[in-house]
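Reading the structure
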Amino acid sequence: MSDPAAPDRPSIVPLGDTALSILLGDRVDAALAARVRALAERIRSAGLEPVREVVVGYAALTVWYDALRTDYTVIAGALQSILDQSPAASPAAGTPREHRIPVRYDGPDLTEVADRTGLAVSEVIARHSNRWYEVYLIGFVPGWAYLGDLDPALVLPRRSVPRTRVPAGSVAIAGAQTGVYPLATPGGWHLLGRTSVVLFDPSAEPPALLAPGDRVRFVPVAG
Amino acid sequence: MIEVVTAPPYLTVQDLGRPGFRAQGVPASGAMDPWALSTANVLVGNPPDAAALEWALAAGTVRWRRAGSCALAGARVEATLDGAPMRMHRTYRVREGSTLTVHRFIAGRFSYLAVDGGIDVPPVLASRATYLPGRFGGLDGRLLRSGDRLPVAPPNGPAPAPTFQVPPPLEPRYETAECRIVPGPHASLFGPSGWAQLVSAPFRIDARSDRMGYRLAGRELQHTVDTTLPSAPVCAGAIQVPAGGFPIVLMADAPTVGGYPVIAVVASVDLPLIAQRQPGDEVRLCPSTVSDVQRALRARAVAIHTLMHLAREKQAAGSG
């Protein structure tokens, strides 16, 4: 069995009987995430007939395939050939899409975050809104984008007691990440503010506003 | 159209789910027991993936406002149609005004009621499956309530004759608690002893089990990995091991990504065996290989196809 801790040498492992994962590393970093995305794009554009879906994580991607039409050995072999074709080439990344998301910074945790970080509220807002974030991956709930990296001064562990309901549109931070709750769900992140931008709309094409590799900037607006 | 006269605490519209949108963070969802859903559909002349009612927990009643056919599959329930006892896995005719009552669950967790034509709520992201966490699919993305009326599509052909019964070899069965698993992407992190603990003795299904995941109780797994890994895509059937060491089997509505190590993945064909188990029931995880469980997956597809063929023959015989 391959060792998921082995860095930078992609390995293919089964994920049950209808999917497989390609592991590229075990850390969160922008360069690795870009390699994962580039590989996902190469697999999608290769158009292998039994491939149904390609989904990226931070350091791995997963390929769903039709196990009634092929089996693991065959599809893993086809994907290995794609991996072998351009082993260490750095991806020619296109221009990322940019999104500016207006935020009313009036969240219930704003003052607590200021207290715990030793910053003024205005400084918390400035440090959260003064940089471009990258979308690492989509998941957790439909349309949720994991955005990084946060200003190191704002890094806090999750709330010790998660909320049972966080309203849709809440802009939040936890660890080195930030994000926007697309739906009202339970959640343990610190809520800094709200946006009226719709992150997920099942009737839209595509339904999620953000995609891995996009860049996001939060723009403070008056409440 | 059918009407929910008295809703049980859990009743939703489900089909075989909405694969294809995982990159948007949307899980495939769909029936907790696709085997039973497909069986119920075939019994009324529907394609195996038509939308039907997923019924759990307790008693309730529905009424037909159009004549047709119906069938129950999956968890064994005590049910009556216009007062007469019903069997599982059998085709029944209904009249306008017929009522079906599920009185109680005898064994299992999810029963499927299919109607000829299929439940015709508007598809969302290519499926009629109810995804409760996202509040979409099914009827307004919610549990069905007493008084709800559900549109039913016109039948796409004659249903099998009444009394058509799934032959025993093709019938969904849940007696065995043995579920096949294959090693997951992080199995090596747990070492041979972690794997041995997983498969050495049965687990119990914990009460904290729902459409997103079933917790396994009884024994903690010992392992030495960091509790979380960078989040990566996961699938239904994946067995995650969080810090506490109590495994969680991801089910139909589980999030598309997860950060806990995945020690193993349950065979697709055996996931209904877990889905149908009640809290406190035992489940035993049995090591298998990807090629074996993929063979089983193809055999299941062949079995459903065979049942469709028999249903069509029965329909011809019934009308001839």
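It should be emphasised that the depicted structure is a prediction, and the values quoted were computed from it without experimental measurement.

Time to look at the environment of Ala177(B). Residue and element names in this part refer to chain B. Inspection of the secondary structure assignment puts Ala-177 in the loop between β9 (149-150) and β10 (178-183). On the basis of neighbour counts, which here come to 17 C-beta atoms within 10 Å, the residue Ala-177 falls in the partly exposed class. Sequence-wise, Ala-177 and Glu-54 are 123 residues apart; in three dimensions their C-alpha atoms are separated by 22 Å. Apart from residues lying up to four places away in sequence, Ala-177 is in contact with Pro-202, Glu-282, Val-283 and Arg-284.

As a further point, take the pairing of strand β2 (residues 19-23) of chain A. Residues and elements named next belong to chain A. Burial of β2 is extensive: five of the five residues sit out of reach of the surface. Burial along β2 is two-sided: Ala-19, Ser-21 and Leu-23 facing one way and Leu-20 and Ile-22 facing the other are all buried. By the bridge criterion, four bridges tie strand β1 (residues 11-14) to β2 in an arrangement that is antiparallel. Bridged to Val-13 within β2 is Ser-21. Here five bridges tie β2 to strand β4 (residues 60-65), and the two strands are oriented antiparallel to one another. Bridging across to β4, Ala-19 finds its partner in Trp-64.

In this section: the interface of chain A and chain B. On the chain B side, the residues contacting the 43 residues of chain A number 42 residues. Here the side of chain A that touches chain B is built from residues that sort into 28 nonpolar, eight polar and seven charged.

Residues and elements named next belong to chain A. Reading across from one edge, β1-β2-β4-β3 is the order of the four strands in this open sheet, with antiparallel pairing throughout. Strands with a single pairing partner mark the edges of an open sheet, and in this sheet they are β1 and β3 (51-56). The sheet shows a mean angle of 20° between the axes of neighbouring strands, direction not considered. Against the sheet, helix α1 (residues 30-46) touches β2, β3 and β4, its axis set at about 170° to β3.

All names here are of chain B. Within the closed barrel, the seven strands sit side by side as β10-β17-β14-β15-β12-β11-β18. Their pairing is mixed. Adjacent strand axes in the sheet meet at a mean angle of 40°, parallel and antiparallel pairs treated alike. As paired strands, strand β11 (residues 203-209) and strand β12 (residues 213-217) are joined by three bridges and run antiparallel to one another. In the sheet register, Ile-205 faces β12, and the bridge partner there is Leu-216. Helix-sheet contacts for helix α2 (residues 187-200) involve β10, β17 (262-266) and β18 (282-287), and the interaxial angle to β17 is about 55°.

All names here are of chain B. Here chain B is partitioned into domain 1 (2-170) and domain 2 (178-288). Here the C-alpha centroids of domain 1 and domain 2 sit 28 Å apart. At the interface, 19 residues of domain 1 touch 14 residues of domain 2. Breaking the side of domain 1 that touches domain 2 down by element, the ones donating at least two residues are α1 (34-43), β5 (68-81) and β8 (99-115). A breakdown of the residues in the side of domain 1 that touches domain 2 according to their chemical character gives ten nonpolar, six polar and three charged.

Residues separated by three or four positions in an α-helix point in the same direction, a consequence of the helix having 3.6 residues per turn. All names here are of chain A. When the terminal C-alpha atoms of α1 are compared, their 24 Å separation across 17 residues agrees well with the 24 Å that a helix rising 1.5 Å per residue should span. Looking only at α1, the buried set comprises Leu-32, Ala-33, Arg-35, Val-36, Arg-37, Leu-39 and Ala-40. Summarising the contacts, the buried residues of α1 are in contact with β2, β3, β4 and β6 (133-138). Directly after α1, the chain includes Gly-47, whose backbone phi takes a positive value near 60°.

Calculation notes
- Residue indices follow the written sequence of each chain, beginning from 1 at its first position.
- To read the labels, note that chains go from A and ligands from 1, taken in the order they are written.
- This being a predicted model, a pLDDT of at least 70 is required before a residue's local features are given, and a value of 80 or more before pairs of side-chain atoms are given or counted; all residues contribute to the totals for chains, interfaces and linings.
- Only DSSP runs of H or I reaching four residues or more are called helices, and only runs of E reaching two or more are called strands; each is numbered from the N terminus.
- Buried means a residue has 20 or more other C-beta atoms within 10 Å of its own C-beta, exposed means 12 or fewer, and partly exposed covers the counts in between; C-beta atoms are placed from the backbone.
- Here, residue contact means that the backbone-derived C-beta atoms of the two residues sit within 7 Å.
- The pairing criterion is simple: DSSP has to find at least two bridges between the two strands.
- Each residue is assigned to one of three groups, with Ala, Val, Leu, Ile, Met, Phe, Trp, Tyr, Cys and Pro labelled nonpolar, Asp, Glu, Lys and Arg labelled charged, and all others, Gly among them, labelled polar.
- For helices, the axis comes from a line fit to the C-alpha atoms of the stretch in contact; other axes are also lines fit to C-alpha atoms, and the angle between any two N-to-C directions lies between 0 and 180 degrees.
- Each domain's extent is set by a domain assignment, obtained either automatically or from a database.
- Between the first and last residue of a helix there are one fewer steps than residues, each counted as 1.5 Å, and that sum is the expected span.

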